[in-house]
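# Observations on the three-dimensional arrangement
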Amino acid sequence: MKLKPLHDRVLVKRLESEEVTKGGIIIPDSAKEKPIKGEVIAVGPGKTSDKGEKIKMNVEKGNKVLFNKYAGTEIKVDGDEFLVMREDDILAIIE
Amino acid sequence: MKLKPLHDRVLVKRLESEEVTKGGIIIPDSAKEKPIKGEVIAVGPGKTSDKGEKIKMNVEKGNKVLFNKYAGTEIKVDGDEFLVMREDDILAIIE
Amino acid sequence: MKLKPLHDRVLVKRLESEEVTKGGIIIPDSAKEKPIKGEVIAVGPGKTSDKGEKIKMNVEKGNKVLFNKYAGTEIKVDGDEFLVMREDDILAIIE
Amino acid sequence: MKLKPLHDRVLVKRLESEEVTKGGIIIPDSAKEKPIKGEVIAVGPGKTSDKGEKIKMNVEKGNKVLFNKYAGTEIKVDGDEFLVMREDDILAIIE
Amino acid sequence: MKLKPLHDRVLVKRLESEEVTKGGIIIPDSAKEKPIKGEVIAVGPGKTSDKGEKIKMNVEKGNKVLFNKYAGTEIKVDGDEFLVMREDDILAIIE
Amino acid sequence: MKLKPLHDRVLVKRLESEEVTKGGIIIPDSAKEKPIKGEVIAVGPGKTSDKGEKIKMNVEKGNKVLFNKYAGTEIKVDGDEFLVMREDDILAIIE
Amino acid sequence: MKLKPLHDRVLVKRLESEEVTKGGIIIPDSAKEKPIKGEVIAVGPGKTSDKGEKIKMNVEKGNKVLFNKYAGTEIKVDGDEFLVMREDDILAIIE
């Protein structure tokens, strides 16, 4: 199953936060801060302007991105969890 | 009876979520998460821009789509339940 | 008395919902769900764009329409009840 | 004293609702529903668009109109009560 | 001291409401309704449109105007009280 | 240290309100009404329109201005207190 | 790891506030007011206008800026703390 986001939406896969602290202690799951790093899996065609033209997106497939902790809607596809968010919820691209 | 949605609205039929878990146990109805997968049954002509032109829609009849759990208005037509929602409530097209 | 709606407003007459269930039992009035089906009686000239042009309406007199349960303002004309609503409150045309 | 409404505002005089029910009983004043019928007394020049042009009004002096019960601001001029409302608060013209 | 309002703002001086009722009784100050009649003392240059042009004002110095009771900000200049309000808070010009 | 406000922002220095009432009594600091008179110290380049052009500001350095009591954000620069506010929070220029 | 902000966002590093008062007393950490001075580390490409053009940013890398105390989202990159904020949250450039 493949997802094609609509408008200015972006499909993002969260990247796991590290499970081990510097001292090597494993943090139990509930104590971990939810990650806000992700990878762009699919990108929508862009918003349609009042003139009927698509406005070009600023992120592309494969980009590593930072986004707000509560951005987007969670979607489960074939057992995997994704987020669908608007491009504007993405704060920055990690290079 | 046939429905023709107005503006940028879309008529969607919810697709049933699976009633059996991987272990083969039947989940009682109240425990099931409401599905957010659907099929586009009819598509409006698009919003009218300030210049009087229709802005082209991004989904079409037959598309399988993902949408927000509480998106749209429920409509009962000839005993069948549908949802009328704005295209912007659709998150992604399933390919 | 004839009403000419202003702007993008539409005058709608509610169509009665059926008073008998499939088993032939008459439902008392308070138990009936308010109908959301109606007939368009009159249509406004359309919104005026920033350029002073009227934006064409998508519904016309005689259309059967579906609308949100709480859409519009109730108006009593010569003893008959109507609803005046914005075209955008109409979800779909019934064909 | 004459009033010239500004922008897209309209000066409206409420038309009295009938004081007698069909059975000929006089309804005490507090039980009467406030009328929503009125006559247009004066019309503003229209909103000014971003281009500095006036956008033509859709109602004119003498029109009988229907408006929302709580629309507009009450104004007392020489002992008479009027309402100043935006044209958009007028639902329909009575012909 | 002279005030030059900015943008689409208007400097208004409240006109006193009459202190005597028809029967000739003087109403104590606290019982009087606050006046909503005023005189335009100074007018701003108008809003600047997106194109950098000033949008012409509809009122001018000397106009008697009606405005909403709670419109504007009170300003005391050399002991006199004025109101600075947006032109859109003015309901009508009194002619 | 010099501050260059961004967009349509203005750097304003509050002008002291007079500390002595007409009868010559000194008012303790807590009883004084906060001044709303100020002097413009620096002016931003203006908002950028959708076309990428700067929209010219209406106030300039040295202008005495009146502004809303709670307008702007307080900033301390080298021990002095300033306010950074949007030009739209300025009500009028004092001439 | 390098961050490239999106749209009209700016990556800012807070500048430490001074830890010693004029009398030479060290202020404990909890009593210090959070600094609102920062240095611009990276700048987004600017918002995309309705015409698909980027609107030029007003700040650039290396600018010292003042911003609202609660502006932006905190981001931790390689142990360092940054803020990602919209350019409009920046009040002024310090020269």
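Procedures and definitions
- Within each chain, residues carry numbers counting from 1 in the order of the written sequence.
- Naming scheme: in the order in which they are written, chains are lettered from A and ligands are numbered from 1.
- It should be noted that, the model being predicted, local features are given only for residues of pLDDT at least 70 and side-chain atom pairs only at 80 or more, the latter also being counted only at that level, while totals for whole chains, interfaces and linings use all residues.
- Neither water nor hydrogens contribute to the side-chain values; these are computed over all heavy atoms in the structure.
- UniProt positions are given in the numbering used here, feature names are shortened, and annotations may be inferred rather than shown by experiment.
- The patch calculation keeps residues exceeding 30% relative accessible area without a salt bridge and links them within 9 Å when they carry like charges or within 5 Å when they are nonpolar (Val, Leu, Ile, Met, Phe, Trp, Tyr).
- Per-residue and other accessible areas follow the Shrake-Rupley method at a 1.4 Å probe size, with only the shown protein chains counted as cover for residues.
- Criterion for a salt bridge: a side-chain nitrogen of Lys or Arg within 4 Å of a carboxyl oxygen of Asp or Glu.
- All tallies of charge rest on Lys and Arg as positive and Asp and Glu as negative; His and the ends of each chain are not included.
- Lys charges are placed at NZ, Arg charges at CZ, Asp charges at CG and Glu charges at CD.
- Labels follow the DSSP assignment, with helices taken as runs of H or I lasting at least four residues and strands as runs of E lasting at least two, numbered in each case from the N terminus.
- Pairs of strands are assigned from DSSP output, requiring at least two bridges between the strands.
- Lines fitted to C-alpha atoms define the axes, with helix axes restricted to the stretch in contact, and inter-axis angles between N-to-C directions lie between 0 and 180 degrees.
- Ring pairs shown here join Phe, Tyr and Trp side chains whose ring centres sit within 6.5 Å, with only the six-membered ring taken for Trp; geometry is labelled stacked below 30 degrees between planes, edge-to-face above 60, and tilted in between.
- Placement of a positive charge over a ring is assigned whenever Lys NZ or Arg CZ falls within 6 Å of the ring centre and within 35 degrees of the normal to the ring plane.
- Superposing the copies works by least squares over the C-alpha atoms of residues that have pLDDT at least 70 in both of them.
- We call two residues contacting when some pair of their heavy atoms lies within 4.5 Å.
- Two parts placed together each lose some accessible area under a 1.4 Å probe, and adding up what both lose gives the buried area.
- Any pair of nitrogen or oxygen atoms within 3.5 Å is treated as a polar contact; in protein, a donor-acceptor pairing is required on top of that, and neighbouring residues in sequence qualify only through side-chain atoms on both sides.
- Under the scheme applied here, ten amino acids are nonpolar (Ala, Val, Leu, Ile, Met, Phe, Trp, Tyr, Cys and Pro), four are charged (Asp, Glu, Lys and Arg), and all others, including Gly, are polar.
- Think of it in three bands: with a 1.4 Å probe and only protein chains considered, a residue is buried below 20% of the maximum accessible area for its type, exposed above 50%, and partly exposed in between.

The name an unreviewed UniProt entry gives chain A is Co-chaperonin GroES, with Desulfocurvibacter africanus PCS as the organism. UniProt, in the comment section headed Subcellular location (unreviewed entry), describes chain A in these words: "Cytoplasm". As stated in UniProt under Subunit (unreviewed entry), the record for chain A gives "Heptamer of 7 subunits arranged in a ring. Interacts with the chaperonin GroEL."

In this section: a positive patch on the surface. A grouping of Lys51(A), Lys51(B), Lys51(C), Lys51(D), Lys51(E), Lys51(F) and Lys51(G) is seen on the molecular surface, where their side chains present a positively charged patch. Within the secondary structure layout, Lys51(F) lies in the loop between β3 (37-43) and β4 (64-67).

This next bit is on the sheet that holds strand β3 (residues 37-43) of chain A. Taken in spatial order, the seven strands of this open sheet run β5(A)-β6(A)-β2(A)-β3(A)-β4(A)-β7(A)-β1(G), and their pairing is antiparallel. One side of each edge strand has no neighbouring strand; the edge strands of this open sheet are β5 (73-77) of chain A together with β1 (3-5) of chain G. The average undirected angle you get between the axes of adjacent strands in this sheet is 40°. Pairing geometry for β3(A) and strand β4 (residues 64-67) of chain A, over three bridges, is antiparallel.

Evaluated as defined, the whole model comprises zero aromatic pairs over all chains. Lys13(D) extends its terminal NZ or CZ atom over the ring of Phe82(D), reaching a point 5.3 Å from the ring centre.

For the rest of this paragraph, the subject is the relation of the copies chain A and chain B. The transformation that overlays chain A on chain B combines an axial shift of 0.0 Å with a rotation of 51°, and the residual RMSD is 0.0 Å. Each copy contacts the other with its own distinct surface, as only 17% of the interface residues of chain A are interface residues in chain B too.

On to the pairing of strand β3 (residues 37-43) of chain C, then. Sheet topology note: the strand β2 (residues 9-14) of chain C/β3(C) ladder contains five bridges and is antiparallel. Along β3(C), the bridge assignment pairs Val10(C) with Val43(C).

If you look at the interface, chain A gives 18 residues, while chain B gives 17 residues. For the pair chain A and chain B, the summed buried area comes to about 1700 Å², and 56% of that belongs to carbon and sulfur atoms. At the junction of chain A with chain B, the criterion picks out two salt bridges. The salt bridge involving Asp88(B) is made with Arg86(A); its shortest N-O contact spans 2.8 Å. Inspection of the region where chain A meets chain B yields eleven residue pairs in polar contact (both at pLDDT 80 or more). Counting residues per element, the ones that place at least two in the side of chain A that touches chain B are β1 (3-5), β5 and β6 (80-86) of chain A. Ranked by the residues each element gives to the side of chain A that touches chain B, the list is headed by β1(A), at three residues.

Scanning all chains against the criterion turns up 35 salt bridges over all chains. Close ionic contact of Glu74(D) with Arg14(D) constitutes a salt bridge, the shortest N to O distance being 2.9 Å. Pair noted here: Glu74(D) is in strand β5 (residues 73-77) and Arg14(D) is in strand β2 (residues 9-14), with a separation of 60 residues, a long-range link. Within this structure, Asp8(A), Arg86(A) and Asp88(B) form a network of salt bridges that share partners.

Right, let's talk about the interface of chain B and chain C for a bit. Opposite the 18 residues of chain B that make contact, chain C presents 17 residues. In total, chain B and chain C occlude about 1700 Å² of area from one another, counting both sides; carbon and sulfur atoms represent 56% of this. Counting the surface chain B buries against chain C, the share from its top three residues, Lys4(B), Leu6(B) and Asp50(B), is 31%. Elements that contribute at least two residues to the side of chain B that touches chain C include exactly β1 (3-5), β5 (73-77) and β6 (80-86) of chain B. Tallied by class, the residues present in the side of chain B that touches chain C amount to seven nonpolar, four polar and seven charged. Note that β1(B) and strand β7 (residues 90-94) of chain C share three bridges and pair antiparallel. The residue of β7(C) that forms the bridge with Pro5(B) is Ala92(C).

Bringing the environment of Ile75(A) into the picture now. By secondary structure assignment, the location of Ile75(A) is in strand β5. In the structure, Ile75(A) is positioned 64 residues away from Leu11(A) in sequence and 9.3 Å away in space, judged by C-alpha atoms.

Taken together, Asp50(A), Asp50(B), Asp50(C), Asp50(D), Asp50(E), Asp50(F) and Asp50(G) make up a surface patch of like negative charges. Asp50(E) gets classed as partly exposed once you look at its relative accessible area, which sits at 42%.

Turning to the pairing of β6(A), a few remarks are in order. All names here are of chain A. Where strand β2 (residues 9-14) and β6 come together, four bridges link them in antiparallel fashion. In the sheet register, Leu11 faces β6, and the bridge partner there is Val84. Judged from the five bridges that link them, β5 and β6 form a sheet pairing that is antiparallel. Counted as the bridge partner of Glu74 is Leu83 from β6.

With respect to topology, seven strands assemble into an open sheet ordered β1(F)-β7(G)-β4(G)-β3(G)-β2(G)-β6(G)-β5(G), the strand pairing being antiparallel. Every other strand in the sheet has two partners, leaving β1 (3-5) of chain F together with β5 (73-77) of chain G as the edge strands with one partner each. Strand-to-strand twist of the sheet, defined as the mean angle between neighbouring strand axes without regard to direction, takes the value 40°.

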